[in-house]
Amino acid sequence: PADVATLLQSIIDDAHNVEHFRDHRFSLNLETDKWLICDIDEVRSAVSNLIFNAVKYTPAASQIDIFWRQEGDNFCIAVEDNGDGIAEHHLERLTERFYRVDKGRSSDAGGTGLGLAIVKHVLQRHGANLNITSEIGHGSCFSCCFPSRIVIENINV
Ligand code: ATP
Ligand code: MG
């Protein structure tokens, strides 16, 4: 099982060294201290992809908010940014392999379009879903929602 708080903090620490990092600010909001029964390396790679995307697709010094919280019956790791957002018609195709939003705008930072396909695959293997909400000009939220049956009490002693 993974201590989600520790996992998220270590991903955030790594994010300061990724290619497109430009003085982004991270806030880690732990609304629950529960642990997750999961493949830690897989969940790390999924959440890293979301946080690295948030860095890559937002301007320098943008704020990125990361949450670990209960949402109804699920427990979710959410990554919220205040970037340009994504037009609604792209949202349902975003997790397809090689799908990238075509942009003449801001930072076309380059990439293969595999990141979100990997995220979706990892979440599927955990019985979890990726919920994406986005608004042009306001930003995006990518939320990994895990079923409560793989969430356990904090086992720190
Ligand atoms: P890769 O992750 O393989 O290096 P990528 O970042 O282009 O390449 P995905 O992570 O799958 O691929 O993302 C798909 C597309 O979704 C991106 O090309 C980008 O257009 C859009 N996207 C992803 N995250 C965000 C975000 N936080 N804000 C705006 N657009 C985003
Ligand atoms: Mg990506």
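In case you missed it, the structure is sitting above this.
Here goes a summary of the coordinates provided.

The rules we used
Residues numbered from 1 in each chain as written. Chains lettered and ligands numbered in written order. Predicted model: local features only at pLDDT ≥ 70, side-chain atom pairs only at ≥ 80, totals over all residues. Helix = DSSP H or I, 4+ residues; strand = E, 2+ residues; numbered from the N terminus. Rg over C-alpha atoms; globule rule 2.2 N^0.38 Å. Contact = placed C-beta atoms within 7 Å. Core = buried A, V, L, I, M, F, W, Y, C linked by C-beta atoms within 7 Å. Buried ≥ 20, exposed ≤ 12 C-beta atoms within 10 Å, placed from the backbone. Pairing = 2+ DSSP bridges. Near = placed C-beta within 6 Å. Nonpolar A, V, L, I, M, F, W, Y, C, P; charged D, E, K, R; others polar. Axes fitted to C-alpha atoms, helices over the stretch in contact; angles between N-to-C directions. Parallel < 35°, antiparallel > 145°, perpendicular 65-115°, else oblique. Left-handed = near helix turned anticlockwise from the far one by under 90°.

### What about the overall build of the protein chain?
Alright, step 1. Within the protein chain, the secondary structure is distributed over 4 helices and 8 strands.
Alright, step 2. The C-alpha radius of gyration computed for the protein chain amounts to 15 Å, which stays within 12% of the reference 15 Å derived for 157 residues, consistent with globular compactness.
Alright, step 3. Of the contacts made within the protein chain by residues no fewer than 6 positions apart, 72% connect residues no fewer than 24 positions apart.

### A look at the nonpolar core
Alright, step 1. With 32 residues, the main nonpolar core has Ala46, Val47, Leu50, Ile51, Val79 and Cys144 as its most contacted residues.
Alright, step 2. Only helix 1 (4–15), strand 3 (35–36), helix 2 (40–56), strand 4 (63–71), strand 5 (74–81), helix 4 (115–125) and strand 7 (139–147) provide two or more residues apiece to this core.
Alright, step 3. The biggest single contributor to this core is helix 2, with 8 residues.
Alright, step 4. Residues contacting Ile51, with those up to four places away along its chain left out, are Ile11, Ile12, Ala15, Ile64, Ile66 and Val79.

### Some words on the pairing of strand 5
Alright, step 1. The buried fraction of strand 5 amounts to 7 of the 8 residues, a majority that puts the element mostly inside the structure.
Alright, step 2. With 8 bridges connecting them, strand 4 and strand 5 associate as antiparallel partners. If you follow Arg69 over to strand 5, its bridge partner there is Cys76.
Alright, step 3. Pairing analysis gives 8 bridges linking strand 5 to strand 7, with the strands arranged antiparallel. Within strand 7, the position partnered with Glu80 by the bridge is Cys141.

### Describing the site of ligand 1
Alright, step 1. Neighbouring ligand 1 are 18 residues; Arg100, Val101, Gly111, Gly115 and Leu116 lie closest to it.
Alright, step 2. Elements supplying a minimum of two residues to the shell around ligand 1: helix 2 and helix 4.
Alright, step 3. The dominant element in the shell around ligand 1, judged by the number of residues it contributes, is helix 2, at 3 residues.
Alright, step 4. Residues that form the shell around ligand 1 fall into these classes: 8 nonpolar, 8 polar and 2 charged.

### Examining the sheet that holds strand 3
Each strand in a sheet pairs with its neighbour through backbone hydrogen bonds, running either in the same direction (parallel) or in the opposite one (antiparallel).
Alright, step 1. The strand order across the open sheet formed by 3 strands is 1-3-8, and the pairing between neighbours is antiparallel. Pairing within the sheet leaves two strands with one partner each, and these edge strands are strand 1 (2–3) and strand 8 (151–152).
Alright, step 2. Of the pairings in the sheet, the one linking strand 3 to strand 8 comprises 2 bridges and is antiparallel in character. Bridge pairing in strand 8 places Trp35 opposite Ile152.

### Digging into the packing of helix 1 against helix 2
Alright, step 1. The N-to-C vectors of helix 1 and helix 2 enclose an angle of 45°; their axes lie 10 Å apart at closest approach. As judged from the angle between their axes, helix 1 and helix 2 are oblique. Once helix 1 is placed against helix 2, the crossing between them reads as right-handed. Where helix 1 approaches helix 2, its residues Leu7, Leu8, Ile11, Ile12, Asp14 and Ala15 are matched on the opposing element by Ile40, Val43, Arg44, Val47, Ser48, Ile51, Phe52 and Val55.

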